[in-house]
Every structure is written in C-alpha cells, then in structure tokens.
Amino acid sequence: MKKLQGKLRQKNSKGNYYYRLTVANGIRKEFALKTADETEAIQRAEELDSIYAAPNMDVAVAQINAIKGFSKQAQMLPLSEGWAKYEIHPERATPHTVSEQLSYKIVLSVTG
C-alpha cells in the first residue's frame, strides 16, 4: 500500500469514510468515499490521489470519467432503432415546424 496524500477519516465509528486532501493554494477539500469498508475507502482515496497527481487537465478528466464510469464504450445501435433513440434523447434538436420534424424522422428512420 502506498502512502496517501491526504487524510482518511470517519465522522462516526461505523459511518462512511471521507478523504481530506489539500489541493492547489493550500485549499483543503473533503470527498465522501461512500463506503464504510476501510480497504475500499483506501482504494478510492488512491484513485483521487492519482487524479490530483495527473500531469495535465486532460489526463485528470479522463481519470475522473473512468472512476465515475462515464467512459463507457459506445453501443452498437441498429439503424432501425435510430429514430426511437433520437426521439427521447435530452440533447436532440427541437424542430420548430411539423415539416422539419417529419424530415428529421424520414432521415433518421429506416423504412425498408
């Protein structure tokens, strides 16, 4: 086990662990590790240490995404399911007219 950069603690004897880390300019930051298991808490604290030891912002962001589970592989989606997926997506374009919406649907759906 390598030495942690910060301090691992519990607010009460059987509660979850927290990790206090000093970041840039002497600012202390405390992270809730959301586990009462000490070995799991140490592992999560080591992951946080690796983020703050990253050489640049791109590496740090990639590590954060990997830890949080955001960097998942793209799913293969059959073209026939494209419109159904697009129609419920929160970041979809919102056409102003009915004809625009119909043209989106024609382009994104497969009929045949």
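See the structure above.
Note that the structure is predicted; figures quoted are calculated from it, not measured. (Residues numbered from 1 in each chain as written. Predicted model: local features only at pLDDT ≥ 70, side-chain atom pairs only at ≥ 80, totals over all residues. Heavy atoms only, no water.)

Chemist: Is there a simple way to think about the environment of tyrosine 18 in this case?
Modeler: Counting through the fold element by element, tyrosine 18 comes out in strand 2 (residues 17–22). Spatially, the C-alpha atoms of tyrosine 18 and threonine 35 are 8.7 Å apart, while their sequence positions differ by 17 residues. Ignoring sequence-local partners within four residues, the contact set of tyrosine 18 consists of Lys7, Leu8, Arg9, Lys11, Glu30, Phe31, Ala32 and Leu33. (Helix = DSSP H or I, 4+ residues; strand = E, 2+ residues; numbered from the N terminus. Contact = heavy atoms within 4.5 Å.)

Chemist: I would appreciate a short explanation of the sheet that holds strand 1 (residues 7–10) in the present structure.
Modeler: Strand pairing in a sheet relies on backbone hydrogen bonds, with the paired strands running either antiparallel or parallel. An order of 1-2-3 is seen for the 3 strands of this open sheet, with the pairing classed as antiparallel. Bordering the open sheet on either side are strand 1 and strand 3 (28–32), each of which pairs with just one other strand. Strand-to-strand twist of the sheet, defined as the mean angle between neighbouring strand axes without regard to direction, takes the value 25°. As paired strands, strand 2 and strand 3 are joined by 5 bridges and run antiparallel to one another. Directly across from threonine 22, in strand 3, lies its bridge partner arginine 28. (Pairing = 2+ DSSP bridges. Axes fitted to C-alpha atoms, helices over the stretch in contact; angles between N-to-C directions.)

Chemist: Can you walk me through the pattern of salt bridges in this structure?
Modeler: If the charged atoms of two oppositely charged side chains come close together, the side chains can form a pair. Counting across every chain of the model gives 3 salt bridges. Ionic pairing is found between arginine 20 and glutamate 30, a salt bridge with its closest N-O pair at 3.7 Å. You can see arginine 20 sitting in strand 2 and its partner glutamate 30 sitting in strand 3, a full 10 residues away along the chain. Arginine 20 gets classed as partly exposed once you look at its relative accessible area, which sits at 28%. One salt bridge connects glutamate 40 with arginine 44, and the closest N-O pair in it is separated by 2.6 Å. Remark: arginine 44 and glutamate 40 occur in helix 1 (residues 38–52); sequence separation between them is 4 residues, near one turn of the helix. On the accessibility criterion, glutamate 40 (30% relative accessible area) is partly exposed. Each member of the salt-bridge network shares a partner with another, and the members are Arg9, Arg20 and Glu30. (Salt bridge = Lys/Arg side-chain N within 4 Å of Asp/Glu carboxyl O. Buried < 20%, exposed > 50% of the residue type's maximum accessible area, 1.4 Å probe, protein only.)

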